Amino acid sequence: MSNTVWIEALAELQHQGEPCVLVTIIEERGSTPRNAGSKMVVSRERLYDTIGGGHLEYKAQQIAREMLEDRVRETRLERFSLGASLGQCCGGATVLLFEPMGQPQAHIAVFGAGHVGRALVPLLASLPCKVRWIDSRESEFPTHIPAGVEKVVNDEVVDEVENMPAGSYFIVMTHNHQLDLELTAAILERNDFTYYGLIGSKSKRAKFEHRLRDRGFQPETVQRMRCPMGIAEVKGKLPIEIAVSIAGEVIATYNANFGEKTGDGEKPVPMLVPASRRS
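Residues numbered from 1 in each chain as written. Predicted model: local features only at pLDDT ≥ 70, side-chain atom pairs only at ≥ 80, totals over all residues. Heavy atoms only, no water.

Chemist: Could you give me a rundown of the confidence of the model for the protein chain, with the residues and numbers involved?
Modeler: Taken over all residues, the pLDDT of the protein chain has a mean of 85, while the share at 70 or more is 85%. Across residues 261-279, where pLDDT falls below 50, the model places 34 contacts with residues more than four positions away in sequence or in other chains. (pLDDT = per-residue confidence, 0-100. Contact = heavy atoms within 4.5 Å.)

Okay, here's the thing in structure tokens:
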């Protein structure tokens, strides 16, 4: 097998925004099936390349998939003795390095491809986030869509709300007040988001709160909506200034909600940011 298989796999998975774990043999003693430096990529569905097959590879695959399941972001070292317990008769020992790659910290839906959307999406695309950029108007999107961003053109924009996983981030900035309201209602109806930001002023917020109350939404649910959104200290009217302010708030939120796990039908459970990110 070509030793570029794992490189191509990493590039392809990264492009798709698909998390994976890179497994590398970093030390071998005695007789082992593959040399130090051999690599394998493990995604949720597939294996790419090999570290020698057999029970060692199976064990490595199990560990990597557990890391993916738990959204682990720290690297991990594991030492294996290649004796009878691993069903390997070589009798050597191997140390494996497990490196999580491309684990999105946040799934983000951005509704609206106007000026602020066009300034914001490239910023979000450079973060460990998986971004879906949604608008009904094909012509509004730029010709170049940043890598890792999925462009979604749908006449029924509101239908896209249910296509996001629990714990997602929603950012609404469409060209139409009524559409903003319908999106807001659909997002608050779910109420399983980590963050919901709506572009607009305090007076827009007051109008929306009034209309949402008329539709039967509880005040504590409506309270979860960020509007105006973004970091208040980052002032300015330019699209890039507004975009930086919003991106800053998204980063602050996902660092506060790092590693949260969502069970079926349960609200996300926040875990602390690991020490490496806090320092």
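Chemist: Let's hear about the sheet that holds strand β5 (residues 93-101): which residues, and what values?
Modeler: Ordered by their spatial adjacency, five strands build an open sheet running β3-β2-β1-β5-β4, and the pairing between neighbours is antiparallel. Strands with a single pairing partner mark the edges of an open sheet, and in this sheet they are β3 (47-49) and β4 (76-81). Shown here is a sheet whose adjacent strand axes are inclined to one another by a mean of 25°, direction ignored. The sheet contact formed by β4 and β5 spans six bridges and is antiparallel. The partner of arginine 79 across the bridge, within β5, is valine 95. The sheet contacts of helix α1 (residues 5-16) involve β1 (20-29), β2 (39-43), β3 and β5, and relative to β2 the element is tilted by about 30°. (Pairing = 2+ DSSP bridges. Helix = DSSP H or I, 4+ residues; strand = E, 2+ residues; numbered from the N terminus. Axes fitted to C-alpha atoms, helices over the stretch in contact; angles between N-to-C directions.)

Chemist: Run through the side chain of aspartate 180, naming residues and quoting values.
Modeler: Looking at the element boundaries, aspartate 180 is found in helix α4 (residues 177-190). In this structure aspartate 180 touches Val172, Met173, Thr174, Tyr196, Leu198, Lys204 and Phe208, once residues within four positions along its chain are discounted.

Chemist: I'd like a rundown of the packing of aromatic side chains, residues and numbers included.
Modeler: Tallying each qualifying case throughout the model produces three aromatic pairs. With a centroid separation of 5.1 Å and an interplanar angle of 80°, the aromatic rings of tryptophan 133 and phenylalanine 141 are classed as edge-to-face. As far as the burial class goes, tryptophan 133 and phenylalanine 141 line up, both buried. Between the NZ or CZ atom of lysine 39 and the centre of the ring of tryptophan 6, over which it lies, the distance is 5.1 Å. (Phe/Tyr/Trp six-rings, centres within 6.5 Å; stacked < 30°, edge-to-face > 60°. Buried < 20%, exposed > 50% of the residue type's maximum accessible area, 1.4 Å probe, protein only. Lys NZ or Arg CZ within 6 Å of the ring centre and 35° of its normal.)

Chemist: Outline the pattern of salt bridges, supporting the account with residue identities and numerical values.
Modeler: Counted under the stated rule, the structure contains 11 salt bridges. Across the pair arginine 190 and aspartate 192 runs a salt bridge whose closest N-O atoms are separated by 3.0 Å. (Salt bridge = Lys/Arg side-chain N within 4 Å of Asp/Glu carboxyl O.)

Chemist: Report on the nonpolar core, specifying residues and quantitative values.
Modeler: Of all hydrophobic cores here, the largest spans 26 residues; its most connected members are Ile108, Val110, Leu120, Leu124, Trp133, Ile171 and Val250. At the level of elements, β6 (106-111), α3 (115-125), β7 (129-135), β9 (169-172) and α7 (239-256) are the ones that each hand at least two residues to this core. Excluding its chain neighbours within four sequence positions, the residues that come into contact with leucine 120 are Ile171, Met173, Ala243, Ile246 and Ala247. One finds Ala109, Ile134, Met164 and Phe208 within the second-largest nonpolar core, a separate group that totals 25 residues. (Core = buried A, V, L, I, M, F, W, Y, C linked by side-chain atoms within 4.5 Å.)

Chemist: Can you explain a nonpolar patch on the surface? Please cite residues and give values.
Modeler: A cluster of nonpolar side chains, namely Val234, Leu238, Ile240 and Val244, defines an oily patch on the protein surface of about 310 Å² accessible area. By the secondary structure assignment, valine 244 is in helix α7. (Patch = residues over 30% accessible without salt bridge, like charges linked within 9 Å, V, L, I, M, F, W, Y side chains within 5 Å. Areas by Shrake-Rupley, 256 points an atom, 1.4 Å probe, with all protein chains shown as cover.)

Chemist: Before we move on, can you summarise unusual backbone geometry with the specific residues and values?
Modeler: Looking along the chain, the bond that leaves cysteine 227 and enters proline 228 is cis, with omega of -5°. Tracing the chain through its elements places proline 228 in the loop between β11 (225-226) and α7. One non-glycine residue with positive phi stands out, namely aspartate 49, at about 70°. On the basis of relative accessible area, aspartate 49 is assigned to the buried category, the value being 10%. Its identity is not glycine, yet asparagine 191 carries a phi of approximately 55°, on the positive side. Structurally, the position occupied by asparagine 191 is in the loop between α4 and β10 (195-198).

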